Amino acid sequence: MKFTPASLLMIACGLPLYYNCLPIAAFAAQKTQVQSANPKPDGLISQGFKPPKRKGPPVSAGGATRGTVCIQGKQLVTPLTPASKWGLTFAQRPQFFWYLPLSSAKTAQFLLLSEADKKILYETTLSLPNQSGIVSYNLPENAPALEINKTYRWLLVLVCDSEDFSTNPRFEGLVERVQPEASLSQKLANADAKKLPAIYAEAGIWYEALSAIAQQRYSNPRNVHSMLGWRQLLNSVGLNAIASQPLLDCCQAENSASK
C-alpha cells in the first residue's frame, strides 16, 4: 500500500485531529521555502577553521611564563592562535592578535625571532589600552619580510617591571609563511571581500582568516554576520572564553627596530 503525504499526516495526527494539523504542515512547508530562499550569508564561516594537512613544528610554542603580578583577575593574556600556537600566513608582514585583560602595565614589548637560531629580527614597544579586550599589531614596512617556508617565533612581553625584565609575563606563538597554490590565489583574487574569511579558514591559513574577519568587524562593528563569523572562527580553535570580548583599535608602536 502506498501512502500519500496526506495519509501519512492523517496517521500521525489521528483522524479527529487531522484538520487541526493542516496549518502546522503548511507552516513547515513555508519555513522550508524561506530557508531555501535565504542561504547562509557570504563570509559566515560555516565550519570554522580547518587546520592545514601539513604538520606544524615538532614542539609547540610555550604559553605564559614568569610572573603575572600586574594582571588583574584570573584571565591571562591569550594569543589568538590555534591550540598548537602555530599558524600559516601568506603575508610578508602579518597581523597578530591577543586578548589583553586589565593590568597595570602601560606598555608591552613585541619581538619577532627566527625559529631556527632564535635571533631577534624585530622588536618594538607597544602602548596598551586602559581596558580589557582583543588587540592587534601589524608588522610595519620597516620590519623584515617573512621568508617563504620559514617559521618565526613572536613574543609579547607585558612590561610590569621596567627594572627587572625577567619577571615580566611573556606570551608567544609561531608563524610560518607559505606560498599559496595557483588555484587558491585565483579564487582569492576573484572573491568578494565578504567571502575571504571563509576561504582562508577552509584553506587552513590562520593569520589571514583572522585578519580578514577582523577587518570586517573594524569596518562595521555592529554587523551581525561579521560578529557571528568572528565568534565561530575563535570557537573552532578553542578560544570560546574570549570570543565575545570587544575588539579594540590598538596597538600603536612607540618605537621599533629591525636587527
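Residues numbered from 1 in each chain as written. Predicted model: local features only at pLDDT ≥ 70, side-chain atom pairs only at ≥ 80, totals over all residues. Heavy atoms only, no water.

With that settled, the discussion passes to the state of the cysteines. By the definition in use, this model includes two disulfides. Put simply, Cys70 and Cys160 are joined by a disulfide, and their sulfur atoms are 1.8 Å apart. Pair noted here: Cys70 is in the loop between α2 (18–37) and β1 (78–79) and Cys160 is in the loop between β7 (150–158) and β8 (170–177), with a separation of 90 residues, a long-range link. Of the residues examined, Cys70 reaches a relative accessible area of 6% and is grouped as buried. (Disulfide = S-S within 2.5 Å. Helix = DSSP H or I, 4+ residues; strand = E, 2+ residues; numbered from the N terminus. Buried < 20%, exposed > 50% of the residue type's maximum accessible area, 1.4 Å probe, protein only.)

Sheet architecture is open: three strands sit in the order β1-β3-β6, paired in antiparallel fashion. Each end of this open sheet is capped by a strand with a single partner; those strands are β1 and β6 (133–138). Note: strand β3 (residues 95–100) against β6, six bridges, orientation antiparallel. Of the residues in β6, the one forming a bridge with Gln95 is Asn138. In this fold helix α5 (residues 206–219) packs onto β3 and β6, with an angle of close to 70° to the strand it touches most, β3. (Pairing = 2+ DSSP bridges. Contact = heavy atoms within 4.5 Å. Axes fitted to C-alpha atoms, helices over the stretch in contact; angles between N-to-C directions.)

The omega torsion across Cys250 and Cys251 is 25°, close enough to zero to call that bond cis. Structurally, the position occupied by Cys251 is in the loop between α6 (224–235) and β9 (253–258). Of note, the phi angle at Lys85 is positive, near 70°, even though the residue is not glycine. Its location among the elements puts Lys85 in the loop between β1 and β2 (86–89). In the Ramachandran plot, Asn149 falls in the positive-phi region, its phi being about 65° despite a non-glycine side chain. Mapped onto the secondary structure, Asn149 falls in the loop between β6 and β7. Residue Asn149 is classed as exposed on the basis of its relative accessible area, which comes to 54%.

Across the interface, α5 lies against α6 with an axial gap of 9 Å and an inter-helix angle of 155°. Between α5 and α6, the interaxial angle falls into the category roughly antiparallel. α6 is crossed by α5, and the crossing has left-handed handedness. On α6, the residues that touch Trp206, Ala209, Leu210, Ile213, Ala214, Gln216 and Arg217 of α5 are Ser226, Met227, Gly229, Trp230, Leu233 and Leu234. Tallied by class, the residues present in the contact of α5 with α6 amount to nine nonpolar, three polar and one charged. (Parallel < 35°, antiparallel > 145°, perpendicular 65-115°, else oblique. Left-handed = near helix turned anticlockwise from the far one by under 90°. Nonpolar A, V, L, I, M, F, W, Y, C, P; charged D, E, K, R; others polar.)

Any functional reading would require information beyond the geometric quantities listed.
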